[in-house]
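Notes for the structure review
Below are the chains, spelled out letter by letter.
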Amino acid sequence: MGDVNLASRSAEILKKCLYANIATSRDDVPWNTPVTALPDADLNFYWSSWTLAEHSRNIARNSSIFMTFYDSTRSRGTNNLMCLYLQCVAREVSNPGEARKAFGILYPGEDVDLENFLGEGVKRIYCAEPRKAWLNCLSEKELEPTTLKMRTEVPINEIRNAFLRVNA
């Protein structure tokens, strides 16, 4: 399967899967949490969270995160090209303009009220910018003793272009 097809498959996963697992760490202690993470047109992923959540505190200390998007309703052993892995850099959104844009993505149709998301508010909007991406290229049923890899890299710019086509 070529990069364009892998990118299209990645874009389909992102269109269907609203929830991501976000892996963070602090002092070599891993933490994983599910969030609703939605991308903008540039493939920056936004979610909102409490400032005292473990993953929020971890991001404040270590901006390197890992995200996965996948269909959890699929049949076991049928995950070939069904899970997107993203290595990202995450940050708290502090710019009011970007916060307003992200709020619109996360809460479409709701009145924008950023009071709880900026300054002294108890919540924040976070942004993850992907640096590398992979799709799993084998299902667990296809593994053999000679298997060398289970993921194939997909260029971020190709996923971005495919995502724009899927959502046009």
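The notes below deal with the structure included here. (Residues numbered from 1 in each chain as written. Predicted model: local features only at pLDDT ≥ 70, side-chain atom pairs only at ≥ 80, totals over all residues. Heavy atoms only, no water.)

Side note on the overall build of the chain
- Within the chain one finds 4 helices and 8 strands.
- N-terminal to C-terminal, the α/β element order of the chain is α-β-β-β-β-α-β-β-α-β-β-α.
- The buried share of the chain, reckoned over its 168 residues, is 43%.
- The contacts in the chain between residues at least 6 apart in sequence include a share of 65% that link residues at least 24 apart. (Helix = DSSP H or I, 4+ residues; strand = E, 2+ residues; numbered from the N terminus. Buried < 20%, exposed > 50% of the residue type's maximum accessible area, 1.4 Å probe, protein only. Contact = heavy atoms within 4.5 Å.)

What about the environment of tyrosine 70?
- Along the chain, tyrosine 70 falls in strand E5 (residues 64–70).
- We classify tyrosine 70 as partly exposed; its relative accessible area is 35%.
- A sequence separation of 51 residues divides tyrosine 70 from tyrosine 19, and the C-alpha atoms of the two residues are 8.3 Å apart.
- Beyond its immediate sequence surroundings of up to four residues, tyrosine 70 is in contact with Cys17, Asn21, Met82 and Cys83.
- Side-chain polar atoms of tyrosine 70 contact the side chain of asparagine 21, separated by 3.2 Å. (Polar contact = N/O pair within 3.5 Å; in protein donor to acceptor, adjacent residues only side chain to side chain.)

Thoughts on the pattern of salt bridges
- Within this structure, the stated rule accounts for 8 salt bridges.
- Here glutamate 54 ties to arginine 26 by a salt bridge, and the two come within 2.4 Å at their closest N and O atoms. Of this pair, glutamate 54 sits in helix H2 (residues 54–61) while arginine 26 sits in strand E1 (residues 19–26), and the two are 28 residues apart along the sequence.
- The partner of glutamate 129 in a salt bridge is arginine 131, with the nearest N and O atoms 3.6 Å apart.
- Looking at glutamate 129, the relative accessible area reads 22%, which means it is partly exposed.
- Overlapping salt bridges bring together Arg91, Glu98, Glu129 and Arg131 as one network. (Salt bridge = Lys/Arg side-chain N within 4 Å of Asp/Glu carboxyl O.)

With respect to the environment of asparagine 136
- Tracing the backbone through its elements, the reader meets asparagine 136 in strand E7 (residues 123–136).
- Judged by its relative accessible area of 1%, asparagine 136 falls in the buried class.
- Along the primary structure asparagine 136 and methionine 82 are separated by 54 residues, whereas in three dimensions their C-alpha atoms are 6.9 Å apart.
- Within the structure, the side chain of asparagine 136 is placed 3.0 Å from the backbone nitrogen of cysteine 83, a separation counted as a polar contact.

Examining unusual backbone geometry
- If you check the backbone angles, aspartate 27 has positive phi at about 50° while not being a glycine.
- Tracing the backbone through its elements, the reader meets aspartate 27 in the loop between E1 and strand E2 (29–36).
- For aspartate 27, a relative accessible area of 71% puts it in the exposed group.
- Of note, the phi angle at aspartate 28 is positive, near 65°, even though the residue is not glycine.
- Along the polypeptide, aspartate 28 turns up in the loop between E1 and E2.
- The class of aspartate 28 is exposed, set by a relative accessible area of 78%.

Section: the packing of aromatic side chains
- One pass over the structure, following the stated rule, counts 7 aromatic pairs.
- Between phenylalanine 45 and phenylalanine 69 the ring centres are 5.2 Å apart and the planes differ by 35°, which places this aromatic pair in the tilted class. Of this pair, phenylalanine 45 sits in strand E4 (residues 45–50) while phenylalanine 69 sits in strand E5, and the two are 24 residues apart along the sequence. As far as the burial class goes, phenylalanine 45 and phenylalanine 69 line up, both buried.
- For the pair phenylalanine 66 and tryptophan 134, a centre-to-centre distance of 6.0 Å together with 20° between the ring planes defines the contact as stacked. (Phe/Tyr/Trp six-rings, centres within 6.5 Å; stacked < 30°, edge-to-face > 60°.)

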